Amino acid sequence: MSLAAYCVICCRRIRTLTPLPKSTTYWRDIRNLIKFTGSLILGGSLFLTYEVLALKKSLTLDTQVVEKEKMKSYIYVHTVSLDKRENYGITYQARKELHKALRKVLATSAKILRGPFADAFSTVDVEDHECAVWLLLRKSRSGHRAARLQAVQEMSETHHWQDYQYRIIAQACDLRTLIGLARSKESDLRFFLPPPPLPSLKEDSSIEEELRQLLASLPQTELDECIQYFTSLALSESSQSLAAQKGGLWCFGGNGLPYAESFGEVPSATVEMFCLEALVKHSEIPTHCDKIEANGGLQLLQRLYQLHKDCPKIQRNIMRIIGNMALNEHLHSTIVRSGWVSILAEAVKSHRIMEASHAARTLANLDRETMQEKYQDGVYVLHPQYRTSQPIKADVLFIHGLMGAAFKTWRQQDSEQVLTEKILEDEASYTTCWPKTWLARDCPALRIISVEYDTSLSDWRTRCPMERKSIAFRSNELLRKLRAAGVGDRPVIWVSHSMGGLLVKKMLLEASKKPEMSTVINNTRGIIFYSVPHHGSHLAEYSVNIRYLLFPSLEVKELSKDSPALKTLHDDFLEFAKDKNFQVLNFVETLPTYIGSMIKLHVVPVESADLGIGDLIPVDVDHLNICKPKKKDAFLYQRTLQFICETLAKDLEN
């Protein structure tokens, strides 16, 4: 107001002065104009400076208050003066218009300085302390793959956010980002929402009956004999269970008789196991996976998984089914929406090797952002089980033998002094899978894969009576699965125990006959044989003396010393290995193995373990412990590690 009054006075003086000479009047008018303009500019500048500072102060965010109070149920509003005199008049209107103009300037500068907000986020009212969350969310949906991967990595490495910020990501991220977070080692579990509520069971129904109905709804035609066997067994046993629940008695006279362990189990758990075994087989067929999903199988399996948290066998088969379904990309969105990713993200961090490996396999099949390979049933990645920036330069494959398994075969040698509590506390003192623990730590640039397949000593103990698979049949089946997992794209070392070595030899011979498998041969660098019966085993000869071998299985019969197939396999592979110059390392046991409580048998003698090429190293252990080092610095492990490092030296350097 004072500025306006001063201007009026100056104008009046100019009009009331007596006329002066033109030259004098001219210069005096210029001086007055300069005074007027200067005063106006100076006053205006001071006024604008004051208003900008006042606006900046009103817009300044106290981040400490936000951090402390954000989780409380407060609504933050702009403060307004209660003095009514400031709400009216020219001053109030001028300040209001000036603030509008400055807001536009600030918004424009924000668009320039914050490039990522230029598109969809330019119109969103995002507070400064929330920018990191929304910037990462937007980056995770970028059209550039590298930007998406970097966004997921930055999210997984963030550990200072408040709980609500993790929940923002959990609710707003897309399928690719959620799977990427589940496959990131450092991800906080708050990134994953709890699974949605499961639909309630039908009235007068049970999980057993729901499983039976799901199994009965699947196509029963054009199935192989084993799928038909498992399906009929499950439906038969579940019918008996339902009859018992409705007033009858549990009957053991059905097809479950071959399962001697069934007598000691709770009938409901037995029925569920039979149904799950059948569903595992059905889930290997893509069209049956669609039926399982359409009939509510994902929710039913989730209910069963949560109900049997203390039963690893049931959880294992459920994970196998979900992992098989994840091989079908069109089912990925359904699997994610059903809440399975949250369960898998927690399971993959488990200290139990079996649970973590099954979850890692399923997540890898879901992750099409970083994975081209697909891991079919029985193929498990021991390292790396998460996304990693470490370049993988070679593969090491572990193939177990007769009655072995993908994990237990490769555990550390058992010791009575080692307790479960000690195992959980210190993984360095005992490991349930030394390739995953020791080898992965010593050679992080390796992809370590373990393979599992079903074997039996006797046809009485076989899981499927119609399933009489020869070494030739199994080798073709495993070779197909391993090629789908990308085996052959990198240098390979094969590690095998007992009958697993025969499978490796047969797989390599079969691959050499198929042009599409040529990369498997070209990239094979070496083979380690742990007590492999190249010339046969005494096991089959003792079949008449051992109660489990009254009717030896086909696998055992093929191990007999007079087996023509075994001799042909040995001769063909020996010539082939020499021609390809494979590096070979042979270990052999020197101690007999107890089979049952009565029989002591030297399963693979030294002369049978001699392939004819490579070093042959006798070790003072029995057949079961030849592939189980006592500790990390034991000769058995250190010699194995030395062979792998020397054979892959050039590949690991490159």
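The shown structure was predicted, so the numbers you read here are calculated from the model rather than taken from an experiment. (Residues numbered from 1 in each chain as written. Predicted model: local features only at pLDDT ≥ 70, side-chain atom pairs only at ≥ 80, totals over all residues. Heavy atoms only, no water.)

Caption draft 1: View of the nonpolar core. Membership of the largest hydrophobic core comes to 64 residues, with the highest contact counts inside it found for Ile169, Leu279, Ile318 and Trp340. In terms of residue count, the dominant contributor to this core is helix α11 (residues 267-282) (eight residues). Two domains each donate at least three residues to this core, and these are domain 1 (127-193) and domain 2 (195-242 + 266-371). Counting 43 residues, the second-largest nonpolar core is a separate cluster that includes Val381, Leu402, Ala485 and Val584. (Core = buried A, V, L, I, M, F, W, Y, C linked by side-chain atoms within 4.5 Å. Buried < 20%, exposed > 50% of the residue type's maximum accessible area, 1.4 Å probe, protein only. Helix = DSSP H or I, 4+ residues; strand = E, 2+ residues; numbered from the N terminus. Domains from an automatic or database assignment.)

Caption draft 2: Expanded view of unusual backbone geometry. Here the residue pair His383 and Pro384 is connected by a cis peptide bond, since its omega of -10° sits within 30 degrees of zero. Turning to its location among the elements, Pro384 is positioned in the loop between β1 (379-383) and β2 (394-399). A positive phi angle is found at Ser498, which is not glycine, with a value near 55°. Within the secondary structure layout, Ser498 lies in the loop between β4 (492-497) and α21 (499-512). A relative accessible area of 6% means that Ser498 is categorised as buried. Located in the positive-phi region is Ser531, a residue other than glycine, with phi close to 45°. Tracing the sequence through the fold places Ser531 in the loop between β5 (524-530) and α23 (554-557).

Caption draft 3: Broad picture of the sheet that holds β2. Spatially, seven strands are ordered β1-β3-β2-β4-β5-β6-β9 in an open sheet, and the strand pairing comes out mixed. With one partner strand each, in any of the chains shown, β1 and β9 (615-619) form the two edges of the open sheet. Each strand of the sheet is rotated relative to its neighbour by a mean of 20°, with strand direction disregarded. One ladder, built from six bridges, connects β2 with strand β3 (residues 446-451); its direction is parallel. When the sheet's bridge partners are listed, Leu397 is paired in β3 with Ile449. (Pairing = 2+ DSSP bridges. Axes fitted to C-alpha atoms, helices over the stretch in contact; angles between N-to-C directions.)

Caption draft 4: Representation of the environment of Leu189 within the structure. With respect to the secondary-structure elements, Leu189 resides in the loop between α8 (175-182) and α9 (207-216). In the structure, Leu189 is positioned 33 residues away from Ser156 in sequence and 9.8 Å away in space, judged by C-alpha atoms. In this structure Leu189 touches Ala345, Glu346 and Lys349, once residues within four positions along its chain are discounted. (Contact = heavy atoms within 4.5 Å.)

Caption draft 5: View of the packing of aromatic side chains. Throughout the structure, instances matching the rule amount to 14 aromatic pairs. Taking 5.0 Å as the distance between ring centres and 75° as the angle between the ring planes, the aromatic pair formed by Tyr166 and Phe191 counts as edge-to-face. With Tyr166 in helix α7 (residues 163-172) and Phe191 in the loop between α8 and α9, the pair connects residues that are 25 residues apart, well separated along the chain. On the basis of relative accessible area, Phe191 is assigned to the buried category, the value being 0%. Ring centres of Trp410 and Tyr530 lie 6.3 Å apart, and the angle between their planes is 55°; this geometry places the pair in the tilted category. Taken together, the positions of Trp410 in the loop between β2 and α18 (420-425) and Tyr530 in strand β5 put the pair 120 residues apart, joining distant regions of the chain. Judged by relative accessible area, Trp410 falls into the buried class, the value being 0%. Residue Tyr530 is classed as buried on the basis of its relative accessible area, which comes to 1%. (Phe/Tyr/Trp six-rings, centres within 6.5 Å; stacked < 30°, edge-to-face > 60°.)

Caption draft 6: Molecular detail of the pairing of β3. By the criterion of burial, β3 is predominantly enclosed, with six of the six residues buried. The alternating pattern of β3 places Leu446, Ile448 and Ser450 on one face and Arg447, Ile449 and Val451 on the opposite face, and all of these are buried. As paired elements, β1 and β3 share four bridges and run antiparallel to each other. What sits directly across from Val379, in β3, is Val451.

Caption draft 7: Just the packing of helix α16 (residues 340-347) against helix α17 (residues 353-366), in detail. Taken N-terminus to C-terminus, the directions of α16 and α17 make an angle of 135°; their axes are 8 Å apart at the nearest point. On the basis of their axis angle, the class for α16 and α17 is oblique. Handedness of the crossing formed by α16 with α17: left-handed. Within the contact between the two elements, α16 uses Val341, Leu344 and Ala347 and α17 uses Glu355, Ala356, Ala359, Thr362, Leu363 and Leu366. Residues of the contact of α16 with α17, tallied by class, amount to seven nonpolar, one polar and one charged. (Parallel < 35°, antiparallel > 145°, perpendicular 65-115°, else oblique. Left-handed = near helix turned anticlockwise from the far one by under 90°. Nonpolar A, V, L, I, M, F, W, Y, C, P; charged D, E, K, R; others polar.)

Caption draft 8: Inspection of the confidence of the model for the chain at higher detail. Looking at the chain, the pLDDT average stands at 80 and 72% of residues meet or exceed 70. Predicted confidence is poor over residues 68-80, with pLDDT under 50, and the contacts of this stretch with residues over four places away or in other chains come to 10 contacts. Considering only residues more than four positions removed or in separate chains, one finds that residues 457-461, a stretch of pLDDT under 50, has 24 contacts. (pLDDT = per-residue confidence, 0-100.)

Caption draft 9: Representation of helix α20 (residues 471-484). Taking 1.5 Å per residue, 14 residues should reach 20 Å; α20 reaches 20 Å between its end C-alpha atoms and fits that length. Immediately downstream of α20, the backbone of Gly486 shows phi near 85°, a positive value. (Expected span 1.5 Å × (residues − 1).)

Caption draft 10: A look at the side chain of Thr334. Following the sequence through the fold, Thr334 ends up in helix α15 (residues 332-337). The residues touching Thr334, leaving out its near neighbours within four places in the chain, are Glu293 and Leu298.

Caption draft 11: Up close: the side chain of Lys628. By the secondary structure assignment, Lys628 is in the loop between β9 and α26 (635-647). Accessibility expressed as a relative area gives 5% for Lys628, which makes it buried. Only 2.6 Å separates the side chain of Lys628 from the backbone oxygen of Leu624, close enough to count as a polar contact. The contacts of Lys628, once residues within four sequence positions are left out, are Lys408, Thr409, Arg411, Gln412, Gln413, Trp434 and Leu636. (Polar contact = N/O pair within 3.5 Å; in protein donor to acceptor, adjacent residues only side chain to side chain.)

Caption draft 12: Representation of the pattern of salt bridges in the model. Tallied over the entire structure, the rule returns 20 salt bridges. With a shortest N-O distance of 3.9 Å, Arg190 and Asp163 are connected by a salt bridge. Taken as a pair, Arg190 in the loop between α8 and α9 and Asp163 in helix α7 lie far apart in primary sequence, 27 residues in all. Since its relative accessible area comes to 26%, Arg190 is described here as partly exposed. Exposure remark for Asp163: the relative accessible area of 30% places this residue in the partly exposed category. Note that Glu355 is salt-bridged to Arg352, the shortest N-O span being 2.8 Å. Under the relative-accessibility criterion, Arg352 is labelled partly exposed at 41%. (Salt bridge = Lys/Arg side-chain N within 4 Å of Asp/Glu carboxyl O.)

Caption draft 13: Looking closely at the environment of Asp367. As for its placement among the helices and strands, Asp367 is situated in the loop between α17 and β1. Taking the C-alpha atoms as reference points, Asp367 and Glu329, 38 residues apart in sequence, are found 9.6 Å from one another. Those residues in contact with Asp367, other than ones at most four positions away along the chain, are Ile179, Arg183 and Arg387. At 3.2 Å, the side chain of Asp367 and the backbone nitrogen of Glu369 are in polar contact.

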